[in-house]
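One-letter residues, chain by chain:
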Amino acid sequence: MQGSGMKKKVVLGFAGVVALLVLFIGVASQKRCDAKSVSDYEYIGQLTDVMSIIKKSYVEEVDSKKLIQGAINGMLSALDPHSSYMSPESFTDLKVETQGAFGGLGIEISMKDGVLTVISPIEDTPAQRAGLKSGDQVVKIDDKFTKDLSISDAVKRMRGAKGSKVVLTIMREGFDRPKEFTLIRDIIQVKSVKYRMLDNGYGYLRIAQFQERTDDDMVKALHALVSENHGKQLSGLVLDLRNDPGGLLDQAVRVSDHFIPSGKLIVYTEGRDPESKMQFTATARSKEANYPIVVLINSGSASASEIVAGALQDHKRAIIMGVQSFGKGSVQTIIPLSDDSGLRLTTARYFTPSGRSIQAKGITPDIAVEQLEVGKSTLRDGMVIREKDLENHFENTDKKGTSAPQASDAKKSDSLKNDYQLMRALDLLKGWAILKGM
């Protein structure tokens, strides 16, 4: 997730960093440099030695730029699952993604125990339509095994021209052997906000991902719901954040701001760099009426969606329903480099207003409701994956614990009947109104 409020950082090229460190340590040695500086110098010496050996003795001639990029990528991947080096192509793709349109399959992935694993398929994309699920292990992309691929390499292989085919070999809990899924690449245009009326007076608003225009789109959706309710204020709202992998921090803050009183804390971040220590409070902007809200979350709700759920929960502005969320409580800052590449670097942890860190824990729902297939007692989602399952994830140090076209009435009824969690959320809102009137 981007820390969009942070200042842009000037980052030296790799060779410049090495030269600067050597110069710094050389000066420091004249002033009795400490043991840590000596140790750092020795490690940098090892790095340059290895690079020299490769350049001299490797069976084929090696491009120095490729070696340096590999070293940078190795450094970042050793830190945590979310820090990474982005080539110029990947960096450009990231900027396009935050605007809500990009080419590919529509799949959020990460590493679990060294295995490329699906966090969640993005709604209404080839990945979702093909039946991919949270927790699926991607064994192969076409004929290439993913074991030795970085996330950026895997993403690159899944990208391609619209209409082209890619075969993902998937292992899933309950499978006897890996199964091939054939997907047709498409231009992924993620509709950040979708909405509809569920019943008389009760609205439904889904945020699929936090993008540059999420807040603006949500304002339009809320106005549209009031219009559909014959100009009357809503009796209640279901805010659906299930399988929302997150996105931009500032958009999570803006969305929360609509429902939280002015001056109240929404989220704060803490890190070693003073610039990473920030607080975000609700502004004096126009607020939504104090109607009941149920927020739906699941194991695919991560990052920005957890910020919103945590803020509304702490301020007792909404009831959180569903299952434990993903648990990604860290902030990634995007740092551009001089050659149009970039770093995605974890720079801070975020905390809910009450001081909870949800890193590797997630948001605990007020009312736990599994997603059951209607008429059955089996779980729909099967195996799930959360932040705590990812390789090199941060441990939680917190001691406090833990505008879319409208569907026809028939379609709305069917979609509601097929969504057990949503049915329960609407029942709760109706019961809320009944109790209030007693």
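Along each chain, the written sequence defines residue order, and numbers are assigned to residues from 1. Owing to the predicted nature of the model, reporting of local features is limited to residues with pLDDT of at least 70; listing and counting of side-chain atom pairs is limited to 80 or more, with chain, interface and lining totals taken over all residues. Side-chain descriptors were evaluated using all non-hydrogen atoms of the structure, hydrogens and water having been removed beforehand.

**Structural notes on the overall build of the protein chain**
Stage number 1. Secondary structure follows DSSP: runs of H or I at least 4 residues long count as helices, runs of E at least 2 residues long count as strands, and numbering of each begins at the N terminus. Within the protein chain, the regular secondary structure consists of 11 helices and 19 strands.
Stage number 2. Remark: exposure states derive from per-residue accessible area (1.4 Å probe, protein chains only) relative to the maximum for the residue type, with buried under 20%, exposed over 50%, and partly exposed in between. In the protein chain, which comprises 438 residues, the proportion classed as buried is 46%.

**Examining the nonpolar core**
Stage number 1. The definition of a nonpolar core used throughout is a set of buried Ala, Val, Leu, Ile, Met, Phe, Trp, Tyr and Cys residues joined through side-chain atoms within 4.5 Å. Counting 43 residues, the largest nonpolar core has Leu 205, Ile 207, Leu 237, Leu 239 and Val 295 as the members making the most contacts within it.
Stage number 2. Per-element accounting of this core gives the leading share, 6 residues, to helix α9 (residues 304-314).
Stage number 3. Here, two residues are considered to be in contact whenever any of their heavy atoms come within 4.5 Å of each other. The residues contacting Leu 239, other than those within four sequence positions of it, are Leu 205, Ile 207, Ile 293, Val 294, Val 295, Leu 296, Val 308 and Leu 312.
Stage number 4. Of all hydrophobic cores here, the second largest spans 18 residues; its members include Leu 105, Val 138, Ala 154 and Met 158.

**Some thoughts on the side chain of Lys 140**
Stage number 1. Note on placement: Lys 140 falls in strand β5 (residues 137-141).
Stage number 2. Under this rule, positive means Lys or Arg and negative means Asp or Glu; His and the chain ends count for nothing. A carboxyl oxygen of Asp or Glu within 4 Å of a side-chain nitrogen of Lys or Arg is what we treat as a salt bridge. One buried charge, Lys 140, has no salt-bridge partner; the nearest side chain with opposite charge is Asp 143, at 4.8 Å.

**A look at the confidence of the model for the protein chain**
Stage number 1. pLDDT is a residue-level measure of predictor confidence that goes from 0 to 100. Chain-level statistics for the protein chain give a pLDDT mean of 84 and a share of 82% at 70 or above.
Stage number 2. Counting contacts from residues 1-33, a segment whose pLDDT is below 50, to residues more than four positions away or on other chains yields 53 contacts.
Stage number 3. pLDDT under 50 marks residues 402-408. Its contacts with residues more than four places away, or in other chains, come to 11 contacts.

**Observations regarding the sheet that holds strand β19 (residues 367-368)**
Stage number 1. Note on pairing: two strands pair once DSSP finds at least 2 bridges between them. Across the sheet, 6 strands lie side by side as β10-β11-β12-β15-β16-β19; this open sheet has mixed pairing. Two strands close off the open sheet at either side, each with one partner strand: β10 (193-199) and β19.

**Considering the packing of aromatic side chains**
Stage number 1. Paired rings are identified among Phe, Tyr and Trp, the last through its six-membered ring, by centres lying within 6.5 Å, and are further divided according to the angle between planes into stacked (under 30 degrees), edge-to-face (over 60) and tilted (the rest). Per the counting criterion, the structure on display carries 1 aromatic pair.
Stage number 2. Judged by centre distance (5.1 Å) and plane angle (10°), the ring pair of Tyr 268 and Phe 351 falls under stacked. Placement of Tyr 268 in strand β13 (residues 265-270) and of Phe 351 in strand β18 (residues 342-351) is noted, with a sequence separation of 83 residues between them. One exposure class covers both Tyr 268 and Phe 351, and it is buried.
Stage number 3. Whether a charge sits over a ring comes down to the Lys NZ or Arg CZ being within 6 Å of the ring centre and within 35 degrees of the ring normal. Stacked on the ring of Tyr 204, the Lys or Arg Arg 196 has its end atom at 4.6 Å from the ring centre.
Stage number 4. In this arrangement the basic side chain of Arg 317 is found over the ring face of Tyr 291, its NZ or CZ atom lying 5.8 Å from the centre.

**Thoughts on the pattern of salt bridges**
Stage number 1. As enumerated under the stated definition, the model contains 12 salt bridges in all.
Stage number 2. The salt bridge involving Asp 124 is made with Arg 129; its shortest N-O contact spans 3.2 Å.
Stage number 3. The class of Asp 124 is partly exposed, set by a relative accessible area of 47%.
Stage number 4. When its relative accessible area of 53% is taken as the criterion, Arg 129 is described as exposed.
Stage number 5. We note a salt bridge from Arg 172 to Asp 136, for which the minimum N-O separation is 2.7 Å. Remark: Asp 136 occurs in the loop between α5 (126-129) and β5 and Arg 172 occurs in the loop between β7 (165-171) and β8 (179-184); sequence separation between them is 36 residues.
Stage number 6. The class for Arg 172 is buried, based on a relative accessible area of 15%.
Stage number 7. When its relative accessible area of 0% is taken as the criterion, Asp 136 is described as buried.

**A look at the packing of helix α8 (residues 249-257) against α9**
Stage number 1. For every element, the axis is a line fit to its C-alpha atoms; helices are fit only across the contacting stretch, and the angle between N-to-C directions ranges from 0 to 180 degrees. Packing of α8 against α9 brings their axes to within 9 Å, and their N-to-C directions diverge by 25°. With respect to each other, α8 and α9 are oriented roughly parallel. The crossing of α8 and α9 is right-handed. Judged by residue contacts, Leu 249, Ala 252, Val 255 and Ser 256 of α8 engage Ala 304, Ile 307, Val 308 and Ala 311 from α9.
Stage number 2. Put simply, Ala, Val, Leu, Ile, Met, Phe, Trp, Tyr, Cys and Pro go in the nonpolar bin, Asp, Glu, Lys and Arg in the charged bin, and everything else, Gly too, in the polar bin. Class assignment of the residues belonging to the contact of α8 with α9 gives a composition of 7 nonpolar, 1 polar and no charged. Oblique is the label for every angle not falling under 35 degrees (roughly parallel), over 145 degrees (roughly antiparallel), or within 65 to 115 degrees (roughly perpendicular). The sense of a crossing depends on the near helix, which, turned anticlockwise from the far helix by less than a right angle, makes the crossing left-handed and, turned clockwise, makes it right-handed.

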